[in-house]
Amino acid sequence: MKRPLVCLCLTGRTLAEDVELVERYSHFIDVAELRVDFLDEAERLNIREFPAMINVPCILTIRRVSDGGQYREGEASRTMLFARALAFAESNPKKNFAYVDFEEDFHVPSLQDAALAFGTKIIRSFHDMQNPVHNLAEKLDAMRTTGFEIPKVACMPHSLADVTQLFAEASALADSQQIVCAMGNLGFPTRILAHAVHSYLTYTTAAELLDKMISLSGQAIGHIDPKTLHDVYHFRQLDENTKVFGITGWPLKVTSSPKIHNKKFETNGMNAVFAPFPSETIADAFAFAKSIGVKGFSVTVPHKEHIIPLLDEVDDNVKKIGACNTVVHDHGIWKGYNTDAPGFSKALLAFTGLTDLHGKKVAIIGAGGASRAVAFAVKELGAQACVFNRTISRARAIAEQFGFAYATLGAESLEKLHEYSDIIVQTTSKGMGAEGEPNQDNDPLYFYDFDGTEMLYDIIYVPDVTPVMVRAQAAGCKVSNGLTMLQYQGDAQFMLYKEIYENA
Ligand code: ATR
């Protein structure tokens, strides 16, 4: 198998800026794409010189607005620019463009002849910035007009089901050369698993320019920066034997799981990759996992409950907690686990220095999905507890399941909170991403004054120190954020993935 190349899209305003980008990322890329449409007008006059200014093969692209680019000046001037860039071919091929991207409806025989005569490969491209493309093989074949082109299809999926279909259709393309990619966050798997869609290359953008690309194109293009592709996903080591793991959720904008698991795969010498596959519905995510042969995946908000009825088997933790965060495919059987609860138990014991919680009175703040896993663990560790929540019915549901007390989250419950204050576990989202001084909007216990004897475990880990932790700490309390829970639940997940990897 030929490994897909890593292409860096150069979207600087000047050639000098683009040269600098290539130099900065040279260790991680194989090809660069000069996006002439991003250059200032004066710079466009000098594009012929560009291939000689960098040390990797270069694609020449002048993308029109209708294809997702920035070029607005019309076809005549675009043709002139192509001609200028492809003319005066040098005997040293390194000084010529290695590739030129002509859209499927752009046919100028003289340009095509010039490209072919001087060994510049033609990428024949088709973009649908709004919709997915079906009948991929047919679409690609229709673009192989001279037999020398590398056809390219880039499209916009509406759901992960469209991406699944793209993978399925692309699986038949092992013997031909083409570029295939799905755009947007949904299309992310096609960027990382480019080998599985038999794509000749995968496009990347410099980290510092990702935001600019998004704001100019008005949509998330789903590009990744080449360093992340290399450092986190070990892209160059992926091949047809690589076992695929991943994470699903929605919108899944921020997740540290790929970093954690890919690192573990690497240190354990496993040929495996952990890739995000965001999906609005769990049914689509599950269909994707089945279709592309995912061996195991993590499940996050909002799918932890809805995944359960789709599975063949679930462990006792999942049954009791009603939430599943880990799925593995074990010899044809899809099994669900919950590693949040054991992860939390381990973290809480490490934090308190205790071996169990017998005789302790614990306040559980919040009654969402995370709270249920915490309540399960607290029960198993032998504590008595009270669940405090803004919406009392949710507090009651959890409390009744585990034989705990419950109360509203507010000043009216002060006495109760003091009663259950040996250990306070904060599970609400209030304080997540908070900045600044503790206040009513970022501190779920703003009505409560710590006396310094409480131990506070906040399951939030961004920021490192939440506003409620600031107040507790100031009163002399022992405090912890949720990083240890994240780490321990990830360790437990990894053990499940490793077992599946070894037995696959
Ligand atoms: P998760 O799965 O992360 O626990 P969730 O199920 O949406 O997420 O639960 C969020 C928890 O944070 C709930 O306990 C929620 O309280 P309600 O049940 O009353 O909605 C709590 N929460 C979120 N925002 C809050 C706020 N501003 N004040 C108090 N509690 C809040």
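As the structure is a computational prediction, the values presented were derived from the model and not from experiment. (Residues numbered from 1 in each chain as written. Predicted model: local features only at pLDDT ≥ 70, side-chain atom pairs only at ≥ 80, totals over all residues. Heavy atoms only, no water.)

Caption draft 1: Up close: the overall build of the protein. Across its full length, the protein holds 18 helices and 20 strands. Taking all 504 residues of the protein together, 54% fall into the buried category. Counting contacts in the protein only where the partners sit at least 6 residues apart, residues at least 24 apart contribute 67% of the total. Summed over all atoms, the accessible surface of the protein reaches about 21100 Å², with 51% contributed by carbon and sulfur. With 47 positive and 62 negative side-chain charges, the protein shows a spacing of 2 Å between the two charge centroids. (Helix = DSSP H or I, 4+ residues; strand = E, 2+ residues; numbered from the N terminus. Buried < 20%, exposed > 50% of the residue type's maximum accessible area, 1.4 Å probe, protein only. Contact = heavy atoms within 4.5 Å. Areas by Shrake-Rupley, 256 points an atom, 1.4 Å probe, with all protein chains shown as cover. Lys, Arg positive; Asp, Glu negative; His and termini not counted. Charge placed at Lys NZ, Arg CZ, Asp CG, Glu CD.)

Caption draft 2: Inspection of the nonpolar core at higher detail. Counting residues in hydrophobic clusters, the biggest one holds 80 residues, and the most contacted among them are Leu34, Ile47, Phe50, Leu60, Ile192, Phe297 and Ile307. Beyond its immediate sequence surroundings of up to four residues, Ile192 is in contact with Ile224, Leu229, Tyr233, Phe235, Leu238, Val273, Ala275 and Pro276. The next biggest cluster of nonpolar side chains, apart from the first, holds 33 residues, and it includes Ile321, Ala341, Val362 and Phe376. (Core = buried A, V, L, I, M, F, W, Y, C linked by side-chain atoms within 4.5 Å.)

Caption draft 3: Geometry of the pattern of salt bridges. Summed over all chains, the structure comprises 26 salt bridges. For the salt bridge of Arg63 with Asp101, the shortest nitrogen-to-oxygen distance reads 3.0 Å. Of this pair, Arg63 sits in the loop between strand 3 (58–61) and helix 3 (75–86) while Asp101 sits in strand 4 (residues 99–103), and the two are 38 residues apart along the sequence. For the pair Arg63 and Asp101, a shared accessibility class is recorded, and that class is buried. Each of the salt bridges in this network shares a partner with another, and the network as a whole consists of Arg63, Arg64, Asp67, Glu75, Arg78, Asp101, Glu103 and Asp105. (Salt bridge = Lys/Arg side-chain N within 4 Å of Asp/Glu carboxyl O.)

Caption draft 4: Structural view of the sheet that holds strand 12 (residues 313–314). Reading across from one edge, 10-9-11-13-14-12 is the order of the 6 strands in this open sheet, with mixed pairing throughout. Looking at which strands have only one partner, the edges of the open sheet turn out to be strand 10 (272–276) and strand 12. As judged from the 5 bridges shared by strand 9 (residues 243–248) and strand 10, these two strands associate in the parallel manner. If you follow Ile247 over to strand 10, its bridge partner there is Pro276. Sitting on the sheet, helix 10 (residues 257–267) is in contact with strand 9, strand 10 and strand 11 (296–299), with an inclination near 175 degrees to strand 10. In the packing of helix 18 (residues 483–503) onto the sheet, the strands contacted are strand 9, strand 10, strand 11, strand 13 (326–330) and strand 14 (333–337), and the crossing angle to strand 13 comes to about 10 degrees. (Pairing = 2+ DSSP bridges. Axes fitted to C-alpha atoms, helices over the stretch in contact; angles between N-to-C directions.)

Caption draft 5: View of the pairing of strand 5 (residues 121–128). Extensive coverage of strand 5 is indicated by the burial of 6 of its 8 residues. Alignment of strand 4 against strand 5, held across 5 bridges, turns out to be parallel. Each residue of the ladder has a partner; that of Tyr99, found in strand 5, is Lys121. Bridge count between strand 5 and strand 6 (residues 150–155): 6 bridges; the pairing is parallel. Looking at strand 6, one finds that Phe126 is bridged to Val153. In terms of handedness, the path from strand 5 via helix 5 (residues 136–143) over to strand 6 forms a crossover that is right-handed. (Right-handed = clockwise from strand over helix to strand, strands pointing away.)

Caption draft 6: Spatial organisation of the pairing of strand 8 (residues 201–205). Burial analysis of strand 8 places 5 of its 5 residues in the buried class, which makes it a mostly covered element. Here strand 8 shows two buried faces, one formed by Leu201, Tyr203 and Thr205 and the other by Thr202 and Thr204. Here strand 1 (residues 5–10) runs beside strand 8; their pairing, made up of 5 bridges, is parallel. Residue Leu8 lies in a different strand from strand 8, and its bridge partner there is Thr204.

Caption draft 7: Broad picture of the packing of aromatic side chains. Summed over the entire model, instances satisfying the criterion amount to 20 aromatic pairs. The interplanar angle of 50 degrees and the centroid separation of 5.3 Å between the aromatic rings of Phe245 and Phe265 together place this pair among those described as tilted. Residue Phe245 is found in strand 9, and its partner Phe265 is found in helix 10; the two are separated by 20 residues along the sequence. We note that Phe245, like Phe265, is buried. Through a chain of ring-to-ring contacts, the aromatic side chains of Phe167, Phe277, Phe286, Phe288, Phe297 and Trp334 assemble into a single cluster. The ring of Tyr501 has Lys243 lying over it, and the distance from NZ or CZ to the ring centre is 5.6 Å. We note Lys361 situated over the ring of Tyr420; from NZ or CZ to the ring centre the distance is 4.6 Å. (Phe/Tyr/Trp six-rings, centres within 6.5 Å; stacked < 30°, edge-to-face > 60°. Lys NZ or Arg CZ within 6 Å of the ring centre and 35° of its normal.)

Caption draft 8: Main features of the side chain of Asn317. With respect to the element layout, Asn317 can be found in helix 12 (residues 316–321). Overall, the relative accessible area of 18% leaves Asn317 in the buried class. If near-sequence neighbours (up to four positions away) are discounted, Asn317 is found in contact with Gly322, Asn338, Pro342 and Phe376.

Caption draft 9: Layout of unusual backbone geometry. Note the cis peptide between Val301 and Pro302, where omega equals 5 degrees. Structurally, Pro302 is set in the loop between strand 11 and strand 12. Despite not being glycine, His198 has its phi angle at roughly 50 degrees, a positive value. With respect to the helices and strands, His198 occurs in the loop between helix 7 (188–192) and strand 8. A positive phi angle, close to 45 degrees, is found at His331, a residue other than glycine.

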